[in-house]
Structures are given as C-alpha cells and as structure tokens.
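Spelled out from the first residue to the last, the chains are:
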Amino acid sequence: MDYGLWTKNIMETTKYPYSINYSLASILVMLILMLLLFQNVVRGNNTLGWVVYGVFVVAFIGFTLLILLKRLMPAIKGKSALELNEQCLVDYIRNITIDWKDIKEIDMIRSRSSSIILLKLKWESDYGSEIDIPLRFVKGKDAEIYNAVLAYFEEGSGDILL
C-alpha cells in the first residue's frame, strides 16, 4: 500500500507535538461565552444570576488552568503528543502505550473540527477493547498522521492491510 512519504522500512521514531492553536481556540471560545453570560447577568441584575455566574467563573478558571497545564504548556515547550516507533504507539495526551502487535485494526473517524484515530485491540485492556486518540490536540494534518500510523502498524505488526 502507498502511505504517501512513508516507506516499508521505518527505523526512526516519529513524534507529533501538541497543537497550540486548538488550546488557544478553546480558551478563546470559553472567554467569549463567559463575556456573553456576564452581559446577561448585568442586564438581569438579580442575586440568582450573580450566583450562577460565580459558579461558571469557578468552572471557567478550572477549565482554563487544566488547558494551560495539560495542553498549552506542553505545546509551548514543544513536547510530543503522539509518538510512533517500531514497537509501539505512545499517546502522551492520555499517557497510553500500545504495542503494534496488540492492535487488530486501525480506523479514522472524521468530524467537523478534527478526527479521531480508533485503535481496535486484539484483547481487552484496562482502557477497553477500543482506544480513541483525538487528533485535535496533535499538531499536523489528520490524514497524514493517520497514514503514518497505518504505515508503522503495517511494519510493526507484520500484518498486511487490505
């Protein structure tokens, strides 16, 4: 099979960094929603509205800190979100390592905003028999990442994909 630039004998490790753009966009969307909610609370000017807004502010701060620590800081530092090597696939987003020999099938589920790589395992793991890797947090083109994963899978598992 032709996987673009990927060849049969893959000897080196391929690393995909975290996406800065998706993390910044997530924070921006939440900030816009918070400003719209604030505008409605000011217009309503009642105690219940301010209490609800306070709960949302706490949630906003929590989610923003989570995105900053788990997604944006690793992206700024250039850390890898996904690693492909001869023996395994390493998903640093969820801290999961999967050996190629343990994977039965690989699919890609496309959506409007980003794609998901779905790994179907030969056995039931702690994470289930299917593991999904969201590509929205991975920098790169979804189709190219998927093709690279397929090429490594074919080489690492010894299975021929049809």
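Remember, it's a predicted structure, so these values are computed and weren't measured experimentally.

Chemist: For the overall build of the protein chain, give the residues involved together with the corresponding values.
Modeler: A count of helical and extended segments in the protein chain gives 3 helices and 7 strands. For the protein chain, the sequential pattern of α-helices and β-strands runs β-α-α-β-β-β-β-β-β-α. A buried classification covers 40% of the 162 residues belonging to the protein chain. For the protein chain, the proportion of contacts with a sequence separation of at least 24, taken over those separated by at least 6, is 56%. For the protein chain, the exposed surface amounts to about 10200 Å²; the carbon and sulfur share of it is 59%.

Chemist: Account for the environment of Leu82, naming residues and giving values.
Modeler: Secondary-structure assignment places Leu82 in strand β2 (residues 80-84). Using a relative accessible area of 1% as the deciding quantity, one classes Leu82 as buried. Between the alpha carbons of Leu82 and Ile96 there is a distance of 9.8 Å; along the sequence they are 14 residues apart. Residues contacting Leu82, with those up to four places away along its chain left out, are Thr14, Lys15, Tyr16, Leu89, Val90, Asp91, Tyr92, Ile133, Val138 and Ile145.

Chemist: Got a sec to walk through the sheet that holds strand β4 (residues 96-99)? Specific residues and values, please.
Modeler: Spatially, 4 strands are ordered β1-β2-β3-β4 in an open sheet, and the strand pairing comes out antiparallel. Edge positions in the sheet fall to β1 (14-17) and β4, since each has one partner strand and no second. Looking at each pair of strands side by side, their axes are set apart by 15° on average, direction ignored. Where β1 meets β2, 4 bridges bridge the pair, whose relative direction is antiparallel. Within β2, the residue paired with Thr14 across the bridge is Leu84.

Chemist: So, the nonpolar core: which residues are in play, and what are the values?
Modeler: Leu84, Leu89, Trp100, Ile106, Ile117 and Leu119 are the most contacted members of the largest nonpolar core, which totals 29 residues. Elements with a minimum of two residues in this core: β2, β4, β5 (103-110), β6 (115-125), β7 (128-134) and α3 (142-157). Element by element, the count of residues in this core is highest for α3, at 7 residues. Counting residues in hydrophobic clusters, the runner-up holds 8 residues, among them Met30, Tyr53, Phe60 and Leu72.

Chemist: Describe the sheet that holds β7, with residues and values.
Modeler: Overall, antiparallel pairing links the 3 strands, which are arranged β5-β6-β7 in an open sheet. Strands with a single pairing partner mark the edges of an open sheet, and in this sheet they are β5 and β7. Neighbour to neighbour, the strand axes of the sheet diverge by 25° on average, direction disregarded. Two elements, β5 and β6, share 7 bridges in a ladder whose sense is antiparallel. Bridge pairing in β6 links Arg110 to Ser115.

Chemist: So what's going on with the side chain of Asp142? Which residues, and what values?
Modeler: Along the chain, Asp142 falls in helix α3. For Asp142, which is buried and forms no salt bridge, the nearest opposite charge comes from Arg110, at a distance of 6.4 Å. In this structure the side chain of Asp142 is engaged in a polar contact, spanning 3.0 Å, whose partner is the backbone nitrogen of Ser115.

Chemist: How would you summarise a nonpolar patch on the surface if you had to cite specific residues and measurements?
Modeler: A cluster of nonpolar side chains, Ile20, Leu24, Ile61, Leu65, Leu69, Met73 and Ile76, forms an exposed patch at the surface whose accessible area comes to about 640 Å². Secondary-structure elements contributing two or more residues to the nonpolar patch are α1 (20-44) and α2 (47-76). Relative to the helices and strands, Leu65 is located in helix α2.

What counts as what
- Residues numbered from 1 in each chain as written.
- Predicted model: local features only at pLDDT ≥ 70, side-chain atom pairs only at ≥ 80, totals over all residues.
- Heavy atoms only, no water.
- Helix = DSSP H or I, 4+ residues; strand = E, 2+ residues; numbered from the N terminus.
- Buried < 20%, exposed > 50% of the residue type's maximum accessible area, 1.4 Å probe, protein only.
- Contact = heavy atoms within 4.5 Å.
- Areas by Shrake-Rupley, 256 points an atom, 1.4 Å probe, with all protein chains shown as cover.
- Pairing = 2+ DSSP bridges.
- Axes fitted to C-alpha atoms, helices over the stretch in contact; angles between N-to-C directions.
- Core = buried A, V, L, I, M, F, W, Y, C linked by side-chain atoms within 4.5 Å.
- Lys, Arg positive; Asp, Glu negative; His and termini not counted.
- Salt bridge = Lys/Arg side-chain N within 4 Å of Asp/Glu carboxyl O.
- Polar contact = N/O pair within 3.5 Å; in protein donor to acceptor, adjacent residues only side chain to side chain.
- Patch = residues over 30% accessible without salt bridge, like charges linked within 9 Å, V, L, I, M, F, W, Y side chains within 5 Å.

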